[in-house]
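The chain contents come next:
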Amino acid sequence: MGIKIANFEIKNPIIAASGTFGYADEYEDFCDVSKIGAIATKGITLEPRAGNEGDRIFETNSGMINRIGLENIGIERFIDEKIPILKKKNITYILNAAGSTIEDYSKLATIANKNGIEAIELNVSCPNVKSGCLEFGVDSNSLYELVLSVRKNYDGCLIVKLTPNVTSIENLALAVQKAGADAISAINTLKGLGIKIDFINGKFYKKEVQGGLSGKCIKPVALSMVKRIRSVTTLPIIGMGGISCLNDLFEFISVGADAFEVGTHNFTQCDACNILADNLEKFIKTKGFKDFEDLKEKIKEIK
Amino acid sequence: MGIKIANFEIKNPIIAASGTFGYADEYEDFCDVSKIGAIATKGITLEPRAGNEGDRIFETNSGMINRIGLENIGIERFIDEKIPILKKKNITYILNAAGSTIEDYSKLATIANKNGIEAIELNVSCPNVKSGCLEFGVDSNSLYELVLSVRKNYDGCLIVKLTPNVTSIENLALAVQKAGADAISAINTLKGLGIKIDFINGKFYKKEVQGGLSGKCIKPVALSMVKRIRSVTTLPIIGMGGISCLNDLFEFISVGADAFEVGTHNFTQCDACNILADNLEKFIKTKGFKDFEDLKEKIKEIK
Amino acid sequence: MKKIQKGSIKNIEKIAKDTFALEINSNVMQACSGQFISILCPPKTLRRPFSIKGFKDGVLEVFFKLKGDGTNYIKALQIGDSIDFMGPLGQGFKIQNKKSLLIGAGIGIAPMLFLKDELNKKGVENFLITGFKAQDEVIEGSDKTVIGGSVIDFLPEVIEKFKPEIIYSCGPEIVLKLVTRVAQKYNLEAQIAMEKVFACQVGVCRGCVIKILKDGKIQNATICHDGPVFDAKAVVWE
Amino acid sequence: MKKIQKGSIKNIEKIAKDTFALEINSNVMQACSGQFISILCPPKTLRRPFSIKGFKDGVLEVFFKLKGDGTNYIKALQIGDSIDFMGPLGQGFKIQNKKSLLIGAGIGIAPMLFLKDELNKKGVENFLITGFKAQDEVIEGSDKTVIGGSVIDFLPEVIEKFKPEIIYSCGPEIVLKLVTRVAQKYNLEAQIAMEKVFACQVGVCRGCVIKILKDGKIQNATICHDGPVFDAKAVVWE
Ligand SMILES: Cc1cc2nc3c(=O)[nH]c(=O)nc-3n(C[C@H](O)[C@H](O)[C@H](O)COP(=O)(O)OP(=O)(O)OC[C@H]3O[C@@H](n4cnc5c(N)ncnc54)[C@H](O)[C@@H]3O)c2cc1C
Ligand SMILES: Cc1cc2nc3c(=O)[nH]c(=O)nc-3n(C[C@H](O)[C@H](O)[C@H](O)COP(=O)(O)OP(=O)(O)OC[C@H]3O[C@@H](n4cnc5c(N)ncnc54)[C@H](O)[C@@H]3O)c2cc1C
Ligand SMILES: Cc1cc2nc3c(=O)[nH]c(=O)nc-3n(C[C@H](O)[C@H](O)[C@H](O)COP(=O)(O)O)c2cc1C
Ligand SMILES: Cc1cc2nc3c(=O)[nH]c(=O)nc-3n(C[C@H](O)[C@H](O)[C@H](O)COP(=O)(O)O)c2cc1C
Ligand code: FES
Ligand code: FES
């Protein structure tokens, strides 16, 4: 079931999505981490970050909002403490990289390159300090600059994760391709606001979580976005957004995805990635397909 | 419970959203149509339209996708056949207007003006034929032009309905305000794709509906958008997107909405608008608020 | 009267593989074959439409086959539970005093059984032929039951023998298309009950339109409000 | 052993207004007070965490109070139904051989009853005081039950009389804050069980962090994995 994203080998097409699987080692009691196709780490920055104050999670209809705020241990501790464990346990991982300036990203890429990190997924839904904190990922010019400068410093598999909160995802995909990325992953979370207002004993109480919306509710948006990305690029696409079952994989394949990330559904079912990979393998074997490539072709041929 | 949107009086703050209530008269067997705050008609164009071929509805997690394609009887028949009924039955309505060129919209506005139609909601999520079929509503310059030219021809209450499929809803809101609109309604549907793939007797079958996503699943996006619109404008805002219960009204109020539209939930519960207005009125009366304005103020004050 | 109702479950009972009969106590005064009711299935957004199988003294009966969340919700209801439905909705069969051939495929038997009852009451001679995929899916009540094969294959024989003057049918689109073709061949009037995914259930959302030929023009008609029953000749297939 | 389990409902029973006791047959080998299990409540995205109220021979007991969809899903389960849960999760109370005052507020009594059992088995002297909003919400098992007022108001009196050496507590944040203050005043160690909305349940999503003082530095700790039980002195309140 192994496949390649550009030159990066993963054990199967199911990847655990960034932010939903920590640094991978913590999930050992709950699933076969080493059997997962690959694990995109929690978003990692140059320096450690404490993340946001206040409530960080809000459940919504068929989904959730998070505003973790990139709490992470920083690239140094990741390399010193986590990589040895990941190696020892034979866990395939992708470094999800985040920053506030182009320099941050370039430095992360340089460090990753030096330390033999085989794949990076750029989280470009971060505020761009220089341009008044608009996200890098919403403007195709900034995105192009960003990816170009990372590409210069990084020889491994460079995946760029697109944000759906834009008018034209097509322009972003084109910018990323032009800058020399190896693959695109999509989508990151939708901008969402969760509010809960209670009226108790004559007084209103409010809870508000402004952050990223994920889960099954965003699947239709994700499918539409992946289809639009596929319409302008031939780069491999890692599709995500609300994936929870085998049929979801078929749907993402049909719009052009080559691999998949599973995010929020890990919270619902902590061995979701294992189960999905098993089901995919079983389907391929018992229904007479040669391999995953063959299945992909057959699904793309459906009228 | 009557309120005003600019100078347009509605019976209460709950409006039936365009496309989910036909031309209003058809719902008589199912609810008290005349008691609804107002009804936004199905999107109406200059000429009658047959709408899209193929499947038009697709249910998704906590929502649905539609691609009706603006099937409607055209402005002439609307005026000749529907307005007399609406008047006779004392139904308050808003003309939801759609077109392919700025001229279409201007003509509609002129006709509406001549025929004493008191309020128009511009559906600007239509392909702009002139600019290569990009939606009018995604570009703040085209939107400005559009609203300006409608404004010139129309003296009634001019509401512009914003699309959420953009990078900056703020720019759109500013353009609309600058062009002289009386109010903003938001949000229209999110771009979404519904796919169903079946594998039966060794063969794949696919059903695909690309259209607009609505319902509870989009509420977090809608709340976030309304909040962003409120951050840049003082125009009245009619909030919508997944509204189904009294608490949803509170949430929309807290981000700055002055009135509400209920769309998809009419399909779930056909007397939803009546029930919501009743519940709102009961809440105001029994919990010691002076009126809807007072409730709004109290909710906006919550820390 | 408002066509939105809260009823209560009178009975719910398995009648074949994955297939159940549901009886609802209601305030409904009148219903006819070909009409349907639309059941709210929380937390689903859209109501689920089901053809009426029988109606007597306010008790509505429908048959339903398990498909997904909606039908599984209904299956889990218990006797006495309340149920929220709209209906009866839509235009039913226009019964004529003619020798009638009824053709049902699968769960499409439900409105055919109701129609058969109505025809019998009116003393109209009729013959119901139904088809099912397998023995364990068979629902009783037909004059002839086809198992495994296609009900269409048996139509020439039945028509030659029974000599119907009109056909009524309900089933998957593919079956209705073939029924239409057979009716054409034998120059028989046919009324067919169509299906599509519904949103509003009442004709306002325009989500369930098909093309029909009316007054010499191709027009849109909604299955939920103008149908579900259409004159087969008028239907313009996609 | 994998900490994801399919159990089956052994018993489910109303114990107070909107409050139920649930017993689950499981393969769990060990559990201690302060730990919790997280129950899958389809179609909800997030699991619902519940403190363990008791554990014996693989049977886990929890108490739950009806709040929304999740708890209503659990309530609708029948004896014999299967139930999908993760756990036992988190760090429980660190039991010490000291005269113990247990303070529970509302449904927070559940882990206190489990702790009381454990203390009794170890022969540690203890006193459980609990508070409930109204008579019909009272759950049995305490040494003193406060109805209507705040359990906090009775603490000085109880502490003077019982002379505890340590406090354990579970309840809403507001109660835990006040317990912390009382403990400080009497210079007593206090262990408190915290709550927040959980997503992953296991410490990876960083969705449930609070600030704690550790090694002289303010750091993040997850309630689900590093807690739910924390040394009250270490908690930095928002
Ligand atoms: C006029 C009409 C009469 C019907 N009568 C019967 C009947 O008597 N007995 C019976 O078992 N079934 C009947 N159906 C079909 C029935 O409505 C669907 O099987 C049911 O909605 C499936 O719901 P679900 O949630 O269980 O399955 P889902 O998982 O939602 O869907 C399963 C399949 O049913 C279709 N479906 C879903 N929602 C609708 C909808 N709102 N309208 C139409 N199709 C839908 C989907 O396209 C899908 O292919 C009728 C449909 C129509 C339109
Ligand atoms: C460690 C821990 C132990 C708990 N122990 C118990 C217990 O023993 N008995 C008991 O009745 N309750 C307990 N709770 C609270 C319980 O988890 C919530 O009441 C339950 O999740 C509500 O679910 P619902 O769908 O019924 O209500 P909802 O409608 O989802 O929510 C009602 C309220 O519960 C809160 N809530 C929702 N989801 C979660 C979540 N995943 N984690 C925490 N809070 C949430 C919401 O903020 C909301 O205010 C515990 C919570 C935690 C964190
Ligand atoms: C709690 C949480 C934290 C996340 N953190 C990150 C992150 O650090 N970096 C990133 O690129 N994406 C992050 N994401 C986004 C997911 O990787 C994924 O793009 C998104 O959730 C959509 O997929 P899903 O619907 O399967 O969850 C996070 C998502 C969640 C739910
Ligand atoms: C079936 C359907 C048809 C719609 N048609 C229109 C339309 O003609 N014009 C328009 O401005 N919005 C139309 N909308 C969008 C709704 O008015 C509303 O903006 C959207 O559905 C979000 O609200 P909701 O989540 O309450 O449905 C339509 C929505 C649905 C579901
Ligand atoms: S379902 Fe709305 S028109 Fe038929
Ligand atoms: S819920 Fe994920 S870290 Fe606690």
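A quick note: this is a predicted structure, and the numbers were derived from the prediction, not measured. (Residues numbered from 1 in each chain as written. Chains lettered and ligands numbered in written order. Predicted model: local features only at pLDDT ≥ 70, side-chain atom pairs only at ≥ 80, totals over all residues. Heavy atoms only, no water.)

Caption draft 1: Geometry of the site of ligand 2. For ligand 2, the set of nearby residues contains 20 residues, the closest of which are Pro49, Gly68, Gly70, Thr71 and Lys196 of chain D. Among the chains of the assembly, those with residues near ligand 2 are chains A and D. Within the contact set of ligand 2, a nitrogen atom lies 3.3 Å away from a backbone nitrogen or oxygen of Arg47 of chain D. Gly70 of chain D places a main-chain nitrogen or oxygen 2.6 Å from an oxygen atom of ligand 2. Where the shell around ligand 2 is concerned, the elements lending two or more residues are strand 4 (48–56), strand 5 (59–65) and helix 1 (69–75) of chain D. Here the shell around ligand 2 takes 4 residues from strand 4 of chain D, the largest share from any one element. In the shell around ligand 2, the residues fall into 7 nonpolar, 4 polar and 9 charged. Inspection of the shell around ligand 2 shows a minimum of three residues originating in each of domain 1 (4–89) and domain 3 (194–238) of chain D. (Near = heavy atom within 4 Å. Polar contact = N/O pair within 3.5 Å; in protein donor to acceptor, adjacent residues only side chain to side chain. Helix = DSSP H or I, 4+ residues; strand = E, 2+ residues; numbered from the N terminus. Nonpolar A, V, L, I, M, F, W, Y, C, P; charged D, E, K, R; others polar. Domains from an automatic or database assignment.)

Caption draft 2: Quick peek at the packing of helix 2 (residues 102–114) of chain A against helix 3 (residues 140–153) of chain A. Residues and elements named next belong to chain A. For the pair helix 2 and helix 3, the least separation of the axes is 8 Å and the interaxial angle reads 25°. Relative to helix 3, the element helix 2 is oriented roughly parallel. Seen along the crossing, helix 2 lies across helix 3 with a hand that is right-handed. When helix 2 is examined against helix 3, the residues Ile102, Tyr105, Ser106, Ala109, Thr110 and Asn113 are found in contact with a partner set consisting of Glu145, Leu146, Ser149, Val150 and Asn153. Among the residues forming the contact of helix 2 with helix 3, the class breakdown is 5 nonpolar, 5 polar and 1 charged. (Axes fitted to C-alpha atoms, helices over the stretch in contact; angles between N-to-C directions. Parallel < 35°, antiparallel > 145°, perpendicular 65-115°, else oblique. Left-handed = near helix turned anticlockwise from the far one by under 90°. Contact = heavy atoms within 4.5 Å.)

Caption draft 3: Structural detail: the packing of aromatic side chains. Overall, the coordinates contain 38 aromatic pairs over all chains when judged by the stated rule. A centroid spacing of 4.9 Å and a plane angle of 55° characterise the contact between Phe250 of chain A and Phe283 of chain A, whose relative ring orientation is tilted. Taken together, the residues Phe250 of chain A in helix 6 (residues 246–254) and Phe283 of chain A in helix 8 (residues 272–286) connect sequence positions 33 residues apart. Comparing Phe250 of chain A with Phe283 of chain A, the two get one shared label, buried. Aromatic side chains Phe50 of chain D and Phe64 of chain D sit 6.2 Å apart centroid to centroid with 65° between the ring planes, which places their arrangement in the edge-to-face category. (Phe/Tyr/Trp six-rings, centres within 6.5 Å; stacked < 30°, edge-to-face > 60°. Buried < 20%, exposed > 50% of the residue type's maximum accessible area, 1.4 Å probe, protein only.)

Caption draft 4: Region of interest: the pairing of strand 1 (residues 4–16) of chain C. All names here are of chain C. In this structure, strand 1 lies alongside strand 7 (residues 82–89), joined through 5 bridges in antiparallel fashion. Following the sheet pairing, Ile4 is matched in strand 7 by Met86. What sits between the antiparallel neighbours strand 1 and strand 2 (residues 19–25) is a turn of 2 residues, in which Asp18 has the positive phi angle 55°. (Pairing = 2+ DSSP bridges.)

Caption draft 5: How the structure looks around the relation of the copies chain B and chain A. Mapping chain B onto chain A leaves a residual RMSD of 0.0 Å; the transformation is a rotation of 180° accompanied by 0.0 Å of translation along its axis. The symmetry that links the two subunits is that of a two-fold axis. Mapped onto chain A, 100% of the interface residues of chain B again fall at the interface, so both copies present the same surface. (Least-squares fit on C-alpha atoms with pLDDT ≥ 70 in both.)

Caption draft 6: Broad picture of the site of ligand 4. Residues and elements named next belong to chain B. Close to ligand 4 lie 22 residues, the nearest being Ser18, Lys161, Gly215, Gly242 and Thr264. Interatomic distance of 3.0 Å between a side-chain N/O atom of Asn96 and an oxygen atom of ligand 4. Residue Gly215 places a main-chain N or O atom 2.9 Å away from an oxygen atom belonging to ligand 4. When ligand 4 sits alone it has 600 Å² of accessible area, and the protein chains cover 97% of it. (Areas by Shrake-Rupley, 256 points an atom, 1.4 Å probe, with all protein chains shown as cover.)

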